[in-house]
Amino acid sequence: MPEVPEVPTHCPYCALQCGTRLAPRDGGAAGVRPSPDFPVNQGGLCQKGWTAPTVLTTPDRLTTPLVRDAAGTLVPTGWDTALDLVAERLRALRDAYGPDAVGVFGGGGLTNEKAYLLGKFARVALGTSQIDYNGRFCMSSAATAGNAAFGVDRGLPFPVTDLGDADVILLAGANPADTMPPLMRHLGRAALVVIDPRRTATAERAALHLQPAPGTDLALALGLLHLAVVEGLVDTAYVAARTAGFDAARQRAMAWWPERVERVTGVPVAELREAVALLAGAGRAYVLTGRGAEQHSKGTDTAAAFVNLALALGLPGRPGSGYGCLTGQGNGQGGREHGQKADQLPGYRMITDPAAREHVAGVWGVPADSLPGPGRGAYELLDALGTPDGPKALLVFGSNPAVSAPRAGHVSERLAALDLLVVADFVPSETARTADVVLPVTQWAEEEGTMTNLEGRVLRRRRALPPPTGVRTDLEVLQGLAVRLGQPADRFPSAPRTVFEELRRASRGGRADYAGISYDRLDAGEALHWPCPAEEHPGTPRLFLDRFAHPDGRARFAAVEHRDAAESPGGRFPLYATTGRSPAHYQSGAQTRRVPELTAAAPEAYVEIHPDTARRAGLDEGALARISSARGSTLARVRLVGTLRTDTVFLPFHFPAEGRANLLTSDALDPRSGMPEFKVCAVRVEPCGTP
Ligand code: SF4
């Protein structure tokens, strides 16, 4: 038997985008092993990566379009029938209510090509402003803070491998030991300072773990800056030469003396002092934020406060040091650059910028004044569905908001209020099961394209297997719909390479410039980080070494102030609830809940709770608990965790139905980023069955 050649590609899950090699096997299956030569994972994979091929042959794989019949049942149909029906109903709604009657909801796991064509489809074929994506729920606060501080937002403005030389790394609300295990091989040399209300697997490895009350990271960051100032640790030469706005930020921080910070956060003054001393005393140091610091109604200001700290210590742009955000979703970086965000056009351009509109409209071959303006952010879009002023139809690509959106019970009601819900997916996700039309699409190992990982490094996703008979690519679906809506087919190409060539032109001169990146260069093995403005340009692994991206070259401090979370424990809801991830699952769990090894590790919804808190609530290990907030209640199996704060419970958000953690979460939004407050709400916990 001749040996089947392996296909180099990348894991379908998180933003680390670990390199893998796939070997096709009989029956549409594939074997996977880590690429030994990809510098990010260096031969490592987590349990999700090792088992990723299982989803390719999951027994409930969608392989034929489904349309809901008069009896309310989803029944199989042909592609032409399904696409004709969708186009006809979209046209009718648009004619009756105007173009904004149709909404589009994308995903941070879509390839760059899909994200790009989805944004173009919304603005050109539908003419709607109502497009956003689930990345709004992921890293939008850090992106907003990063753009304001540095003039550009790239999660890590340096390669992951640089972290391997660090002396100290401060991780604020990030738990890579559970969520991105291969990243830990780059953190092994550094002393870690971890800020997290939970004693996570990452905190276990830390030199210092600060355990603040949920929702108080901003006060903590202000307190760290305060100490840096009063103890003379600010890099005054760097601040003078490379930044602007320090005095205003310093003044805010001066009100956060250590004892006040201890009172608000619960973190002892001695630990605050130790954290600042460790960070400031390091030759090479990084400040990294994750969702724990960012998923708040003050998430942008919290990320900005950690940027302030890094700037005061002279870290960003200094070789071997810096600030970064650990982007979460697989294409969380690329997904926010190519135009599926409500306020953006390709190249990370703002849709309100007349020059950006002219440029992109020119590439698209349409008048600039035909492009709609900014639409609603993700939660506002979902909240408006089926209302008199909101969209009457929604097209969902690569997302499962019935599980992953905040206040999920309400979001499910809004989805049910639509005249038309269309979901393109490869498995019957919880959102797909409620749709009027389901369109079966290819998944990672069956398609070509590019992804951009958390370092801004553009990667080739390669087709290793033929897709099952009956499925189409998302690009083919968009082309099919666009043509039925009166667009020329060549305006919506379905070949990924052709779409990428257009994306390059559209991004030229933008903040995320891909003009010099090509499939040929990537296939030749070049490591290309954007910006890469020309074919002969080597790409930019490290940003900010000489200047920041603002016109004057200086980074900006932000004068931020702490404020309370939208709700605090008390009365009927005496505990904090905070949500996050289980090591075994990814996002809404639509993929990983179909992998037996992963469901064996985490089969059902669970709640972590301190033994003393559990005892007071009448709960034992393994009991079924009802957790309730002002928005609803969820059921979860009790796990006693002695290192958790006694005032806090933790729930992973991957589980469906009555186990949805997001039945509890708040729809309080960050006013600048639109990020919901996933990380803090007030709950009570009681044995299941309590009325
Ligand atoms: Fe996949 Fe992320 Fe795990 Fe790497 S760390 S194998 S990219 S899920």
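Residues numbered from 1 in each chain as written. Predicted model: local features only at pLDDT ≥ 70, side-chain atom pairs only at ≥ 80, totals over all residues.

The name given to the chain in an unreviewed UniProt entry is Nitrite reductase, with Streptomyces eurocidicus as the source organism.

## Some details on the sheet that holds strand 17 (residues 420-425)
Overall, mixed pairing links the seven strands, which are arranged 5-4-18-17-16-6-7 in an open sheet. Strand pairing shows two members of the sheet lacking a second neighbour, strand 5 (74-76) and strand 7 (131-133), which therefore form its edges. With direction set aside, neighbouring strand axes in the sheet form an average angle of 20 degrees. For strand 6 (residues 102-106) and strand 7, the ladder comprises three bridges, and the chain directions are parallel. Within strand 7, the residue paired with Phe-105 across the bridge is Asp-132. Strands in contact with helix 3 (residues 112-126) are strand 6, strand 7 and strand 16 (393-397); relative to strand 6, the strand with the most contacts, it is inclined by about 175 degrees. (Pairing = 2+ DSSP bridges. Helix = DSSP H or I, 4+ residues; strand = E, 2+ residues; numbered from the N terminus. Axes fitted to C-alpha atoms, helices over the stretch in contact; angles between N-to-C directions. Contact = placed C-beta atoms within 7 Å.)

## Some points on the UniProt feature "domain: 4Fe-4S Mo/W bis-MGD-type" (unreviewed entry) in the chain
Residues annotated by UniProt as "domain: 4Fe-4S Mo/W bis-MGD-type" (unreviewed entry) correspond here to residues 4-60. Secondary structure across residues 4-60 comprises 7% helix and 26% strand; the distance between its end C-alpha atoms is 27 Å. (UniProt positions renumbered as here; feature names shortened; annotations may be inferred.)

## Here's the deal with the sheet that holds strand 10 (residues 208-210)
As summarised here, the arrangement of the five strands in space is 10-9-8-12-13, forming an open sheet in which the pairing is parallel. Two strands in the sheet have a free side with no partner beyond their single neighbour: strand 10 and strand 13 (322-325). Strand-to-strand twist across the sheet, computed as the mean angle between neighbouring axes with direction ignored, equals 15 degrees. Sheet analysis places strand 8 (residues 168-172) next to strand 9 (residues 191-195), joined by five bridges and oriented parallel. Note that in strand 9 the partner of Ile-169 across the bridge is Leu-192. In this fold helix 11 (residues 269-281) packs onto strand 8, strand 9, strand 10 and strand 12 (285-289), with an angle of close to 130 degrees to the strand it touches most, strand 10. Lying on the sheet, helix 13 (residues 299-312) is in contact with strand 8, strand 12 and strand 13; it crosses strand 12 at an angle near 175 degrees.

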